[in-house]
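Coordinate analysis (summary)
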Amino acid sequence: MEIAVLGLGCFWGPEIKFSKLEGVIKTEVGYCGGESKTVTYKEVCTGNTNHAEVVKLDFDPEIISYEKILDFFFKIHDPTTLNSQGPDFGTQYRSEIFYLSDRQKEIAENVLKKMNSSLSGQVVTKSSLLKNYCPAEEYHQRYLEKR
């Protein structure tokens with residue numbers, strides 16, 4: 001089992017899309033990249049914590065590779081808009097890959113380079129070492145499935 005943590009706007013839509021990928025065993029929404037180890041949705045929405053809304057994926061690399069997950073990541077959001085996706089604006093909606101190992105970092109940088117080339121250098125997606133991940137409140141988990 002491996003883990004991927006990805007920021008790509010509001011976490012509700014991406015969570016449901018990733019949960020349908022073969023090889024993704026579990027999804028969880030949360031916050032990552034900020035200065036504190038625990039935050040709330042209300043705090044993240046102030047824009048003062050530097051956390052991004054993220055989807056954490058547990059996946060089986062025998063079924064789906066990290067590279068394929070990143071390819072899907074780029075298909076389901078716009079990596080050329082800074083701190084926004086659709087109607088959502090703010091640093092918490094940024095496009096960011098949070099890697100957990102040197103291998104993930106290398107794969108992320110290669111995929112980013114390929115994507116940036118295909119989009120004429122307009123990609124604003126960042127690649128960063130995982131920092132201060134914490135799960136979102138229970139009511140955010142599987143939010144769209146519950147509705």
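Residues numbered from 1 in each chain as written. Predicted model: local features only at pLDDT ≥ 70, side-chain atom pairs only at ≥ 80, totals over all residues. Heavy atoms only, no water.

1. Quick word on the overall build of the protein
Going by this rule: Counting from the N terminus, the helices are DSSP H or I runs at least four residues long and the strands are E runs at least two residues long. Only the C-alpha atoms count toward the radius of gyration. The rule for a globule is 2.2 Å times the residue count to the power 0.38. Contact criterion: two residues are considered in contact whenever any of their non-hydrogen atoms come within 4.5 Å of each other. Values of accessible area rely on a 1.4 Å probe in the Shrake-Rupley scheme; residue burial ignores everything except the protein chains shown. Neither His nor the chain termini are counted; the positive set is Lys and Arg, and the negative set is Asp and Glu. A charged residue contributes its charge at one atom only: NZ of Lys, CZ of Arg, CG of Asp or CD of Glu.
Assigned secondary structure in the protein consists of five helices and eight strands. In summary, the protein has a C-alpha radius of gyration of 14 Å against a globular reference of 15 Å for 147 residues, a match within 12%. Its C-alpha atoms give the protein principal-axis dimensions of roughly 35 × 30 × 30 Å. Long-range pairs, those at least 24 residues apart, make up 76% of the contacts in the protein between residues at least 6 apart in sequence. Of the roughly 7,600 Å² of accessible surface on the protein, a fraction of 51% belongs to carbon and sulfur atoms. Averaging the locations of the 18 positively and 21 negatively charged side chains of the protein gives two centres separated by 2 Å.

2. Looking at the side chain of His77
The condition is simple: Any residue under 20% of the maximum accessible area for its type is buried, any over 50% is exposed, and the rest in between are partly exposed; the area is computed with a 1.4 Å probe on protein chains only. By the criterion applied in these results, polar contacts are pairs of N or O atoms within 3.5 Å in which, for protein atoms, one can donate a hydrogen and the other can accept it, and in which residues neighboring in sequence qualify only through two side-chain atoms.
Tracing the backbone shows His77 in the loop between helix H3 (66–75) and strand S4 (84–85). The class for His77 is buried, based on a relative accessible area of 8%. Separated by 2.7 Å, the side chains of His77 and Ser95 make a polar contact. Those residues in contact with His77, other than ones at most four positions away along the chain, are Leu8, Gln85, Ser95 and Thr125.

3. Focus on the pairing of strand S6 (residues 95–99)
Test applied: At least two bridges found by DSSP between two strands is the condition for calling them paired.
A large share of S6 lies buried, amounting to five of its five residues. Side-chain alternation along S6 places Ser95, Ile97 and Tyr99 on one buried face and Glu96 and Phe98 on a second face that is also buried. Across four bridges, the pairing between strand S1 (residues 2–8) and S6 is antiparallel. The residue bridging Leu8 from the neighbouring strand is Ser95, located in S6. As paired elements, S6 and strand S7 (residues 126–129) share four bridges and run parallel to each other.

4. Observations concerning the side chain of Asn132
Summarising the element assignment, Asn132 is placed in the loop between S7 and strand S8 (134–135). Among the polar contacts listed, one links the side chain of Asn132 to the backbone oxygen of Gly34, at a separation of 2.9 Å. At 3.4 Å, the side chain of Asn132 and the backbone oxygen of Glu35 are in polar contact. Sequence-distant contacts of Asn132, defined by excluding residues within four places in its chain, comprise Tyr31, Cys32, Gly33, Gly34, Glu35, Ser36, Lys37 and His51.

5. Let's talk about the UniProt feature "domain: Peptide methionine sulphoxide reductase MsrA" (unreviewed entry) in the protein
Rule in force here: UniProt positions are given in the numbering used here, feature names are shortened, and annotations may be inferred rather than shown by experiment.
In the numbering used here, UniProt assigns the feature "domain: Peptide methionine sulphoxide reductase MsrA" (unreviewed entry) to residues 4–146. For residues 4–146, the helix share is 31%, the strand share is 26%, and the end-to-end C-alpha distance is 24 Å.

6. What to know about the state of the cysteines
What counts, and what does not: Note on terminology: disulfide denotes any pair of cysteine sulfur atoms within 2.5 Å.
All told, the structure shown has zero disulfides when counted by the stated rule. The thiol of Cys32 is unpaired, and the distance to the nearest cysteine sulfur, on Cys134, comes to 8.6 Å. Here Cys45 is not cross-linked by a disulfide; its sulfur's nearest cysteine counterpart is in Cys10, at 9.2 Å.

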